[in-house]
Amino acid sequence: MIRKTFLSVAAGAALVVAPITAGPAAAAPVTGDDVTPAAVTVYYDASGAPSYASQIRAGAANWNASVGNVRLVENPSAATLDFYEGSDPSGSYAYTDGHGNGYIFLDHTQMGQYAQVRITAHETGHALGLPDNYSGPCSELMSGGGPGTSCTNAHPNGAEASRVEQLWSGGERTRGELRRIGEEVPAAAF
């Protein structure tokens, strides 16, 4: 009986120890093509625009669904991008360096005329480095209000997403000079 128990314990111990002493399993070598850098996180704060917080979140979610090199995450205590609301005769605009820093101002008049998520996603596009293209079609998010009030597309198209991927492919971007984007444009075009 003791011999049978000893053999059972010895066999069990061998099963536990063997994987530990066998060494690491062979794996395929990792190449540069296999490594994807972690996405840069841009933290934003929507508390300065409480009337449009859900639209800001929806616009950020549209960008997050379209790009992988940068993520937009709501975190007021770590925010480098702030949202505000109010009235401005020149309309909504982004005051940003295109590197995820600055603020976005949402004009009440425009937010009442145009698709609200389109405006928040469009202005966020500036914070990610994209310029305006008011002459573009509705399918281009960065065409802003150019296509008119009936345009409700709030998603970047493939070219816009690809450009943001390219701009953020190197990881963290250094802070640049902040500038107002859209001030020369009539309020109707945001």
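Our subject is the structure listed above.
Read on for an overview of the structure.

**Let's talk about the packing of helix α2 (residues 53-66) against helix α4 (residues 116-127)**
For step 1, the next point in the chain: In the contact formed by α2 and α4, the axes pass within 8 Å of each other and the chain directions differ by 55°. The angle between the axes of α2 and α4 places the two elements in the oblique class. For the element pair α2 and α4, the recorded crossing hand is right-handed. Every residue of α4 that contacts α2 at Q55, I56, A58, G59, N62 and W63 is listed here: Q116, V117, T120, A121, T124 and G125.
For step 2, the next point in the chain: The residue makeup of the contact of α2 with α4, split by class, is five nonpolar, seven polar and no charged.

**Details of the state of the cysteines**
For step 1, the next point in the chain: Counted under the stated rule, the structure contains one disulfide.
For step 2, the next point in the chain: The disulfide that involves C138 links it to C151, with 2.0 Å between the sulfurs. Across the disulfide from C138 to C151, rotation about the S-S bond amounts to roughly 85°, and the bridge is consequently right-handed. Note that C138 is positioned in the loop between α4 and α5 (158-167) and C151 in the loop between α4 and α5, a separation of 13 residues in sequence.
For step 3, the next point in the chain: Among the residues examined, C151 registers a relative accessible area of 3% and is labelled buried.

**Description of α2**
For step 1, the next point in the chain: Spanning 14 residues, α2 covers 20 Å between terminal C-alpha atoms, matching the ideal 20 Å at 1.5 Å per step.
For step 2, the next point in the chain: All buried positions along α2 are accounted for by A53, Q55, I56, G59, A60, N62, W63 and N64.
For step 3, the next point in the chain: In the core, the buried residues of α2 are packed alongside β1 (40-48), β2 (70-74), β3 (81-86), β5 (102-107), α4 and α5.

Parameters and conventions
Residues numbered from 1 in each chain as written. Predicted model: local features only at pLDDT ≥ 70, side-chain atom pairs only at ≥ 80, totals over all residues. Heavy atoms only, no water. Axes fitted to C-alpha atoms, helices over the stretch in contact; angles between N-to-C directions. Helix = DSSP H or I, 4+ residues; strand = E, 2+ residues; numbered from the N terminus. Parallel < 35°, antiparallel > 145°, perpendicular 65-115°, else oblique. Left-handed = near helix turned anticlockwise from the far one by under 90°. Contact = heavy atoms within 4.5 Å. Nonpolar A, V, L, I, M, F, W, Y, C, P; charged D, E, K, R; others polar. Disulfide = S-S within 2.5 Å. Buried < 20%, exposed > 50% of the residue type's maximum accessible area, 1.4 Å probe, protein only. Expected span 1.5 Å × (residues − 1).

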